[in-house]
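Here are the chains, one letter per residue:
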Amino acid sequence: MNPLKTKTKDVESYFMDFTKMYPKAYNKKKTGPYSKTRVILLNGLEFESNWFMHQFARHCDNDELKREIAIIRKQEQQQQKRISCLKPINESILETTIAYEQLAIDLTATLAQNDTDKNNIKALNFALLEDFDHLYRFSNLLMLDKGEDATPLVGKFTEIMPARPTIAHHRHPIDDVKKPMNAKKSALYSKLVANIITAAEQQTMNYYMNIAQWYKNDLGRKLYAEIAMVEEEHVTQYESLKDPTCTWLEQFVMHEYTECYLYYSCMLEEDNQNLKAIWQEHYEMECSHLKKAIELLEKYENKNYESVFGDGEFPTLLKLGTNKEYIRKVIAETVNLTGNKADYIDVNKLSDKANFFCYQKALISDESLVPSHMVIDKIINELGSDFRYQDSPNPIKDLNNRKRDNVKVGRTKVTK
């Protein structure tokens with residue numbers, strides 16, 4: 001499929017009225033997990049697009065160009081408002097959070113398995129284990145506070161058990177910055193991966209940053225704040241994969257192409273007819289936006305779109321689904337990794353004076369006061385064991401004890 005061949009109207013024709021901007025929300029009990037995750041993904045996509053264009057405008061001294069950007073940005077805002085209101089009023093903060101983490105897990109695993117860029121794959125696999133552990137922590141909070149089993153929410157497509165413990169995710173900032181790709185030499189799919197995962201993780205970070213203050217108890221507020229700091233690390237990692245030498249207009253064109261790609265992918269996979277119709281409408285809008293962005297690239301930089309995304313044909317489309325075996329393999333092979341500047345390293349191979357240990361010491365004065373650990377410790381004390389949904393024992397022996405939370409794996413050296 002090529003978005004440039006999709007028939008569209010003039011950009012000005014796509015403004016929505018307030019009725020269209022407030023759609024019918026999905027039924028949380030009847031809507032499948034991946035429909036919910038697509039809503040979150042596309043909401044994050046629009047948020048990323050909007051704020052990219054605001055930053056573009058703040059670094060642009062051409063008023064005519066800024067007005068062109070403002071038109072598209074206003075429509076992206078309308079799309080974002082429409083998507084965000086698809087979440088039903090009766091869906092709790094934690095229920096939505098479970099969907100956020102399931103998206104992070106299965107999106108990351110899917111992208112990693114289809115990419116060929118080794119740098120991208122290492123970054124995806126590294127953060128995958130951390131989002132997987134976050135699902136486990138939030139699911140235990142759901143059981144603690146609501147007495148609710150998170151298994152139906154994930155539809156048994158995603159296991160719920162520990163991976164690299166969240167306490168081990170806290171790294172020195174310099175170890176989250178990775179080597180960027182060369183956009184001129186990178187495969188189109190790899191460029192899409194960097195755009196998509198940055199938008200998705202940024203959406204998660206923003207959600208946790210803003211929702212922490214609204215949670216009903218101190219432990220929940222602390223957990224959201226802690227994991228929001230990890231999401232900051234993930235955003236730093238993923239955005240650093242993108243080529244910083246691309247011009248603002250080249251980035252603009254790639255943003256619009258990414259939106260076309262995701263809406264088309266989601267439209268094909270969606271089985272909720274109300275959502276499918278919205279994804280189809282937004283896809284057409286984004287095709288129009290893409291054509292306008294290309295027009296601006298040609299006008300102001302005298303460049304053609306082929307230099308950004310080739311002939312326009314979509315590469316492998318995104319299909320969200322279960323990735324249990326792949327995730328178990330990544331856990332087994334990489335659970336002890338931590339960041340090491342542009343690369344990753346087994347924590348056992350780090351110098352005792354490494355930045356990772358210095359930052360851990362500065363941040364964590366008492367392990368028992370780390371929120372992600374406190375949640376598991378509390379549920380074990382109250383119910384006798386943690387909450388899990390797993391098809392078989394954890395591939396890491398040290399993570400199989402359900403009566404004691406492990407705070408050492410991926411964090412401390414194994415003494416021989």
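Each value, and the rule that gives it
Residues numbered from 1 in each chain as written. Predicted model: local features only at pLDDT ≥ 70, side-chain atom pairs only at ≥ 80, totals over all residues. Heavy atoms only, no water. Pairing = 2+ DSSP bridges. Helix = DSSP H or I, 4+ residues; strand = E, 2+ residues; numbered from the N terminus. 1 Å grid on protein atoms, 1.4 Å probe; cavity = no way out; pocket = protein on both sides within 12 Å on 5 of 7 lines; lining within 4 Å. Points joined across faces, edges and corners; volume = space filled by probe spheres on them. Nonpolar A, V, L, I, M, F, W, Y, C, P; charged D, E, K, R; others polar. Phe/Tyr/Trp six-rings, centres within 6.5 Å; stacked < 30°, edge-to-face > 60°. Lys NZ or Arg CZ within 6 Å of the ring centre and 35° of its normal. Core = buried A, V, L, I, M, F, W, Y, C linked by side-chain atoms within 4.5 Å. Buried < 20%, exposed > 50% of the residue type's maximum accessible area, 1.4 Å probe, protein only. Contact = heavy atoms within 4.5 Å. Expected span 1.5 Å × (residues − 1). Salt bridge = Lys/Arg side-chain N within 4 Å of Asp/Glu carboxyl O. Axes fitted to C-alpha atoms, helices over the stretch in contact; angles between N-to-C directions. Parallel < 35°, antiparallel > 145°, perpendicular 65-115°, else oblique. Left-handed = near helix turned anticlockwise from the far one by under 90°.

Novice: Looking at this structure, how should I read the pairing of strand β1 (residues 337-340)?
Specialist: Two faces make up the sheet, and in a regular strand the side chains alternate between them. In this sheet, strand β2 (residues 343-346) lies alongside β1 in antiparallel orientation, the contact comprising 4 bridges. Bridging from a neighbouring strand, Leu337 pairs with Asp346 of β2.

Novice: Help me out: how do you make sense of the layout of surface pockets in this one?
Specialist: Empty space among the atoms becomes visible once a probe the size of a water molecule is rolled across them. Volume-wise, the largest pocket comes out at about 550 Å³. Around the largest pocket, the lining is made up of 25 residues, and of these Asn195, Lys242, Asp243, Gln251 and His255 lie nearest the centre. Looking at the lining of the largest pocket, the elements that each hand over two or more residues are α2 (33-58), α7 (188-211), α9 (248-269) and α11 (306-309). Of the residues belonging to the lining of the largest pocket, the class tally is 11 nonpolar, 7 polar and 7 charged. Here the second largest pocket is characterised by a volume of approximately 450 Å³. Those elements that place two or more of their residues in the lining of the second largest pocket are α2, α3 (63-84), α4 (93-114) and α7. Of the residues belonging to the lining of the second largest pocket, the class tally is 10 nonpolar, 8 polar and 4 charged.

Novice: I'm lost on the packing of aromatic side chains in this one. Help?
Specialist: For any pair of aromatic rings, geometry is given as the distance between the ring centres together with the angle between the planes. The final tally for this structure, using the stated rule, is 22 aromatic pairs. Relative to Phe309, the ring of Tyr305 has its centre 5.3 Å away and its plane inclined at 25 degrees; by these criteria the two rings are stacked. One aromatic cluster is present, built from ring pairs that chain together Tyr257, Tyr261, Tyr264, Tyr283, Tyr305, Phe309 and Phe314. We note Lys178 situated over the ring of Tyr344; from NZ or CZ to the ring centre the distance is 4.1 Å.

Novice: Would you take a moment to explain the nonpolar core for this structure?
Specialist: Membership of the largest hydrophobic core comes to 107 residues, with the highest contact counts inside it found for Leu107, Leu111, Phe252, Trp279, Phe309 and Ile331. Of the residues forming this core, the biggest block, 14 residues, is contributed by helix α5 (residues 118-146). The contact partners of Trp279, leaving out residues within four places of it in the chain, are Arg38, Val39, Leu42, Ile83, Leu86, Tyr263, Cys266, Met267 and Glu270. Formed by 6 residues, the second largest nonpolar core is a distinct cluster that contains Ile345, Leu350, Ala354 and Phe357.

Novice: Got a minute to help me understand α7 in this structure?
Specialist: An α-helix turns once per 3.6 residues; consequently, residues spaced three or four apart project the same way. The terminal C-alpha atoms of α7 lie 35 Å apart, and with 24 residues this matches the ideal 34 Å at 1.5 Å per residue to within 8%. The buried fraction of α7 amounts to 22 of the 24 residues, a majority that puts the element mostly inside the structure.

Novice: Where do I start with unusual backbone geometry in this structure?
Specialist: For residues besides glycine, phi is generally negative; the peptide bonds are generally trans as well. The backbone of Lys156 sits at a positive phi, close to 60 degrees, despite the residue not being glycine. Within the secondary structure layout, Lys156 lies in the loop between α6 (151-154) and α7. Even without being glycine, Lys341 reaches a positive phi, approximately 50 degrees. With respect to the secondary-structure elements, Lys341 resides in the loop between β1 and β2.

Novice: What should I look at first to understand the pattern of salt bridges in this one?
Specialist: When charged atoms on two side chains of opposite charge get close, those side chains can pair. This structure, assessed with the given rule, holds 27 salt bridges. Lys292 is paired through a salt bridge with Glu295; the nearest N and O atoms lie 3.1 Å apart. Residue Lys292 and its partner Glu295 are both found in helix α10 (residues 273-301); the two are separated by 3 residues, about one turn of the helix. Judged by its relative accessible area of 18%, Lys292 falls in the buried class. Glu295 sits in the partly exposed class, given a relative accessible area of 41%.

Novice: Can you help me understand the packing of α2 against α10 in this one?
Specialist: Each packed pair of helices is defined by two parameters, the angle between the axes and the distance between the axes. Packing of α2 against α10 leaves a shortest axis separation of 12 Å and a crossing angle of 25 degrees. It follows from the interaxial angle that α2 and α10 lie roughly parallel. Here α2 runs over α10; the crossing is left-handed. On α10, the residues that touch Ser35, Arg38, Val39, Leu42 and Glu46 of α2 are Leu275, Trp279 and Glu286.

Novice: Even after reading the chapter, I still don't get empty space enclosed by the protein, so can you show me in this structure?
Specialist: Counted according to the given criterion, the structure contains 3 cavities of 30 Å³ or more. Approximately 60 Å³ is the volume found for the largest cavity. Taken together, 14 residues line the largest cavity, and the ones lying closest to its centre are Tyr136, Arg388, Arg404, Asp405 and Asn406. Looking at the lining of the largest cavity, the elements with two or more residues in it are α5 and α14 (371-383). Of the residues in the lining of the largest cavity, the class split is 5 nonpolar, 2 polar and 7 charged. In this structure, the second largest cavity occupies an estimated 50 Å³ of space. Leu45, Glu48, Ser49, Asn195, Lys242, His255, Thr258 and Glu259 together form the lining of the second largest cavity. Secondary-structure elements contributing two or more residues to the lining of the second largest cavity are α2 and α9. Of the residues belonging to the lining of the second largest cavity, the class tally is 1 nonpolar, 4 polar and 3 charged.

These values are about where atoms sit, not about what they do.
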